[in-house]
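Next come the chains, spelled out residue by residue.
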Amino acid sequence: MATKSKKKASARKKGGAAKSRPVKSRKKSSTAKRANAAGTDPKRVASILARLDEAYPNATCELKHENPFQLLISTILSAQCTDVRVNQVAETLYKKYPDAKAFAYATPGELEMEIRPTGFFRNKTKSVMGASKAILEKFGGQVPRTMEEILTLPGVARKTGNVVLGTAYGIASGVVVDTHVLRLSNRLDLTREEDPKKVEQDLMKIIPQEKWIQFSHQIIWHGRRVCHARKPKCIECNLESLCYAKDKTV
Ligand code: SF4
């Protein structure tokens, strides 16, 4: 019969040299834990930012738009939908509905048919019509320039607010946290949160504000091109030597 210490040694052997995150102090509170994910050492974060700059110097929003209003509408439509599909819909949509007034006073059934390919078209129609009305009635026809104001628009949460403020106006109010930013921030151990609001708070603590807009674009590009959800292409990834994600493929 094996002794306890022999059993432990055998278990360690079976586990092999599995990649794992650096061990943290067990005594830390959950708040401290959130703020101090092991990957948030400033030098490491700076290296990640530098490598993203190398890989994606020109990363930008992939939703086609000609003005802040179109970007707002396209971002609302992009929920649970690809940018490619939204761009296809947008080509005819903005010819038929060129401004906030056209959307605000649209016939809901007709607008629903235009938006339908993006999914959740009934709710999205309500959101784009409601946001357009609010822009006309409360903001003089202009998409507002502050997070506080933009969040009052129907269908607009922080993700959409950050996309529009950052891309259309160059205002860094926060970090866009979409599905890619959520996944990659965890893989890169920049956060250990799953809730987008908490992930954003973590990222805002460790990334310099002047990088917030570009970081969001770059991480989204990396998620789309290399660090896919199911099979990340780690062999092609210039962050590989800094990454100790459990689901790395190299
Ligand atoms: S090494 Fe792999 S898991 Fe890590 S960031 Fe690169 S692609 Fe993603």
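That block above? That's the structure.
Residues numbered from 1 in each chain as written. Predicted model: local features only at pLDDT ≥ 70, side-chain atom pairs only at ≥ 80, totals over all residues. Heavy atoms only, no water.

Caption draft 1: Quick peek at the packing of helix α7 (residues 108-115) against helix α8 (residues 121-138). One way to put it is that α7 packs onto α8 with a least axis distance of 9 Å and a crossing angle of 115°. Here α7 runs over α8; the crossing is right-handed. Across the interface between the two elements, P108, L111, E112, M113 and I115 of α7 pack against F121, R122, K124, T125, V128 and M129 of α8. When the residues that make up the contact of α7 with α8 are grouped by side-chain class, the tally is seven nonpolar, one polar and three charged. (Axes fitted to C-alpha atoms, helices over the stretch in contact; angles between N-to-C directions. Helix = DSSP H or I, 4+ residues; strand = E, 2+ residues; numbered from the N terminus. Left-handed = near helix turned anticlockwise from the far one by under 90°. Contact = heavy atoms within 4.5 Å. Nonpolar A, V, L, I, M, F, W, Y, C, P; charged D, E, K, R; others polar.)

Caption draft 2: Just helix α10 (residues 158-169), in detail. An ideal rise of 1.5 Å per residue puts 16 Å on twelve residues; α10 measures up with 15 Å between its terminal C-alpha atoms. Taken together, the buried positions of α10 are T160, G161, N162, V163, V164, L165, G166 and Y169. Taken together, the buried residues of α10 touch α4 (68-77), α9 (147-150), α12 (196-206) and α13 (212-225). Directly beyond the C-terminal end of α10, a positive phi value near 70° is found at G170. (Expected span 1.5 Å × (residues − 1). Buried < 20%, exposed > 50% of the residue type's maximum accessible area, 1.4 Å probe, protein only.)

Caption draft 3: Here's a closer look at the environment of K197. Of note, K197 is situated in helix α12. Residue classification places K197 among the exposed residues on the basis of a relative accessible area of 56%. C-alpha separation for the pair K197 and V175, spaced 22 residues apart in sequence, amounts to 9.7 Å.

Caption draft 4: Representation of the packing of α4 against α10 within the structure. Between α4 and α10, whose axes approach to 10 Å, the crossing angle comes to 150°. Between α4 and α10, the interaxial angle falls into the category roughly antiparallel. Crossing handedness for the pair α4 and α10: right-handed. Taken together, the residues of α10 that come into contact with α4 (itself represented by P68, L71, L72, T75 and I76) are T160, V163, V164, T167, A168 and Y169. When the residues that make up the contact of α4 with α10 are grouped by side-chain class, the tally is eight nonpolar, three polar and no charged. (Parallel < 35°, antiparallel > 145°, perpendicular 65-115°, else oblique.)

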